[in-house]
Amino acid sequence: MAKEPARVLVTGAAGQIGYALVPMIARGVMLGADQPVILHLLDIPFAAEALNGVKMELIDAAFPLLKGVVATTDVVEACTGVNIAVMVGGFPRKEGMERKDVMSKNVSIYKSQASALEKYAAANCKVLVVANPANTNALILKEFAPSIPEKNISCLTRLDHNRALGQVSERLNVQVSDVKNVIIWGNHSSSQYPDVNHATVKTPSGEKPVRGLVADDAWLNGEFIATVQQRGAAIIKARKLSSALSAASSACDHIRDWVLGTPEGTWVSMGVYSDGSYNVPAGLIYSFPVTCCNGDWKIVQGLPIDEFSRKKLDATADELSEEKALAYTCIN
Ligand code: NAD
Ligand code: LMR
């Protein structure tokens, strides 16, 4: 029997990530090839005409899984009945700007959209915040939607995770699909810690640790980390626009694994509400290694953390605590 359509909200749907993301969702990349979808697209009145153009193109593409499109500038209509909410709407970082510069613009957006989601979304709606500062926007959303379970609110660090997989695969000249279990700890910002200490590569003679195969600690502890941390800025420099196709694809990966589960023996990185695991302060949205099963994520426990890593986990936690404090000063 055909499944009931899932309602998927994309905010900022007239923007560049939205434009890359909605066809992926309509093709089944996010929720599976047997899951019909109804897309709810939200943008601001200034972008209403462009949003309507996106709706027209979605109709023209005749996606078999797409059972309807609600394109609106009304946040209540957009949030009503949604099962998945991908929050992309906001003000993007421009060349030369730090993420903190966009904080105040985004805090007020996330506060009001939290209330709409809390009131009108389907019970058990899963929320993914993409818009920067992603961790802190997700935290604001959580704080102002107290009846949405904290397990249902997350932010995107899967793009950083995928960037780390990509760097290792390029360095070792192996298929990216053979590399797994990198970790992004902390903030989706240049303070994040891309960690390869537990990562492996599938080889004809079994799974081998990335550290052993690369055999260049200076690269792994230096250039690799900096490249992943700075990749967003490098894309902005090259494109004069922030990443879009890779962000959209990673958002699909994030929701797909959350809903459908991570493969056996594999973890992914998600920004989730910290519970004190790995001595990260509770009450931050912090990126951890997680496994997903039956629609729930669980932080991978018990990984050994060396002194080098400890400092980096703490530094990115400190930045998130500062962002949290700054965000609260922007709330009115
Ligand atoms: P964009 O400017 O092209 O699109 C943003 C859209 O949001 C615009 O259409 C704008 O009109 C809309 N918008 C603004 N305020 C809104 C509101 N209150 N409600 C609904 N829509 C609203 O930007 P983009 O390149 O698509 O990037 C979107 C966000 O994603 C930015 O914050 C960017 O920094 C962030 N980003 C995050 C990641 C990540 O990995 N977490 C990666 C790339 C980009
Ligand atoms: C990215 O990582 O590509 C985005 O978050 C854009 C940015 O500001 O770095």
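Residues numbered from 1 in each chain as written. Chains lettered and ligands numbered in written order. Predicted model: local features only at pLDDT ≥ 70, side-chain atom pairs only at ≥ 80, totals over all residues.

Their axes nearest at 8 Å, the elements helix 4 (residues 103-120) and helix 5 (residues 134-143) cross at an angle of 35 degrees. As for how helix 4 packs across helix 5, the hand of that crossing is right-handed. Contacts from Met103, Asn106, Val107, Tyr110, Lys111, Gln113 and Ala114 of helix 4 reach helix 5 at Thr136, Asn137, Ile140 and Leu141. By residue class, the composition of the contact of helix 4 with helix 5 is six nonpolar, four polar and one charged. (Axes fitted to C-alpha atoms, helices over the stretch in contact; angles between N-to-C directions. Helix = DSSP H or I, 4+ residues; strand = E, 2+ residues; numbered from the N terminus. Left-handed = near helix turned anticlockwise from the far one by under 90°. Contact = placed C-beta atoms within 7 Å. Nonpolar A, V, L, I, M, F, W, Y, C, P; charged D, E, K, R; others polar.)

With that out of the way, let us pick up the UniProt feature "binding site: substrate" (unreviewed entry) in the chain. When the UniProt feature table is mapped onto this chain, "binding site: substrate" (unreviewed entry) is found at Arg93, Arg99, Asn132 and Arg163. Looking at the element boundaries, asparagine 132 is found in the loop between strand 5 (126-129) and helix 5. For asparagine 132, a count of 25 C-beta atoms within 10 Å corresponds to the buried category. (UniProt positions renumbered as here; feature names shortened; annotations may be inferred. Buried ≥ 20, exposed ≤ 12 C-beta atoms within 10 Å, placed from the backbone.)

Let us now look at the domain arrangement of the chain. Taken domain by domain, the chain consists of domain 1 (6-155) and domain 2 (157-327). Its C-alpha centre places domain 1 at a distance of 23 Å from the equivalent point of domain 2. If you look at the interface, domain 1 gives 34 residues, while domain 2 gives 35 residues. With seven residues, helix 5 is the largest single contributor of residues to the side of domain 1 that touches domain 2. A per-class count over the side of domain 1 that touches domain 2 returns 21 nonpolar, five polar and eight charged. (Domains from an automatic or database assignment.)

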